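# Notes for the structure review
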Amino acid sequence: MEDCMVKHFISIRDLTPENALSLVRRAKAMKEARHFSTLLQGKVLVLIFEKASTRTRISFEVGVRRLGGQCILMTPAESQLGRSEPLEDTARVLSRYNDGMIVRTFGEEKLHQLMQYGSIPVINALTNEGHPCQVMSDVLTMYERHPDLSALNVAWIGDGNNMANSWIEASIRFSFALTLACPQGYDPDPALLDLAREKNARVTLCRDPRQAAAGAHYINTDVWASMGQESEQRAREKAFAGYCVDAELMRLAQPDAKFMHCLPAHRGEEVTEDVFESPASIVFDQAENRLHMQMAIMEWVFS
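The text that follows walks through the structure, step by step, so that each part is easy to find.

Conventions used here
Residues numbered from 1 in each chain as written. Predicted model: local features only at pLDDT ≥ 70, side-chain atom pairs only at ≥ 80, totals over all residues. Heavy atoms only, no water. Phe/Tyr/Trp six-rings, centres within 6.5 Å; stacked < 30°, edge-to-face > 60°. Helix = DSSP H or I, 4+ residues; strand = E, 2+ residues; numbered from the N terminus. Buried < 20%, exposed > 50% of the residue type's maximum accessible area, 1.4 Å probe, protein only. 1 Å grid on protein atoms, 1.4 Å probe; cavity = no way out; pocket = protein on both sides within 12 Å on 5 of 7 lines; lining within 4 Å. Points joined across faces, edges and corners; volume = space filled by probe spheres on them. Nonpolar A, V, L, I, M, F, W, Y, C, P; charged D, E, K, R; others polar. Disulfide = S-S within 2.5 Å. Core = buried A, V, L, I, M, F, W, Y, C linked by side-chain atoms within 4.5 Å. Contact = heavy atoms within 4.5 Å.

On to the packing of aromatic side chains. All told, the structure shown has five aromatic pairs when counted by the stated rule. Measuring from centroid to centroid gives 5.7 Å for W224 and F240, while their planes differ by 15 degrees, and the two rings are stacked. In this pair, W224 is assigned in the loop between β10 (218–221) and α9 (233–239) and F240 in the loop between α9 and α10 (247–251), connecting sequence segments 16 residues apart. By relative accessible area, W224 is classed as buried at 7%. Of the residues examined, F240 reaches a relative accessible area of 0% and is grouped as buried. Plain terms: the ring middles of F240 and Y243 are 6.1 Å apart, the flat faces sit at 80 degrees to each other, and that makes the pair edge-to-face.

Dropping the structure here:
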């Protein structure tokens, strides 16, 4: 997505299929070369984090440094974000100090405000609506094992949350088959499901985790209650009963199927300990690939 010649990374659907695949290939090459550069030398990126983070924060901070730049962390507790200053004023001020904004926030409308009133690139590090950096990293993790992404069947088991939304966008862009098993009342964004149908993407929504897992090359899940949903924990535990990824569910998938999770995981809820710690689990490869994918995204944004 470009606005007045400033390039942003907000969602996977904003990429062309060619751009999306090029980013994955570039991230793989950067990983293999243990890439360092001076691309961001003399540049400072501000990390605006309204939500707590381990992998997102550290992978972005390391990635910025490996590209030669510097970064500053900005949280609501330590800035005017948690007070009454309008976001449009914050955007204009930060644009005069920094060269880019990496934003982990709640509603995606905040990203669009920062883009509208700021004059520097904005990268989506997570919103309630999507988690594009994570899912692009997950696509990289699959691509390392299966370069023909269009031949894959991917299962999503559980909440139709921001991760599920970005997986739908990825299915549209990379042409792999995606089956989402979500309880009634916890579906992904209906507009994205409509878009998938319009694009003739192979996206299927069902209620039975066994249907989603059958023949899958990758089985993917996430926590049942994300940040900000803690008060819903008991209700969600009841709604998601039967949606735990266990050994029985994995046996329905391809013989060499892999288990994926964006972390942190609640073992014993959405996944059993034995699956999480099994040879089929590639969750730490996914976590590592956040660094390489985000470096490729930053290179694309700032080149």
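What follows is about empty space enclosed by the protein. Inspection of every chain in the model, using the stated rule, returns one cavity of 30 Å³ or more. Considering only enclosed or pocket space, the largest cavity measures out at about 40 Å³ in volume. For the lining of the largest cavity, the per-class residue count stands at five nonpolar, one polar and two charged.

On to the state of the cysteines, then. This structure, assessed with the given rule, holds zero disulfides. C71 forms no disulfide, and the closest cysteine sulfur to it belongs to C133, at a distance of 14 Å. With no disulfide of its own, C244 has C262 as its nearest cysteine by sulfur position, at a separation of 15 Å. Note on C244: relative accessible area 19%, which makes it buried.

For soluble globular proteins, the rule of thumb is that nonpolar side chains tend to be buried together. The biggest cluster of nonpolar side chains holds 59 residues, and the ones touching the most others in it are I102, M142 and F176. It is helix α12 (residues 283–302) that provides the largest number of residues to this core, a total of nine residues. What F176 contacts, discounting residues up to four positions off in sequence, is V139, M142, L149, S150, L152, V154, W167, A170, S171 and R202. Residues Y186, F240, Y243 and V283 belong to the second largest nonpolar core, which totals 25 residues.

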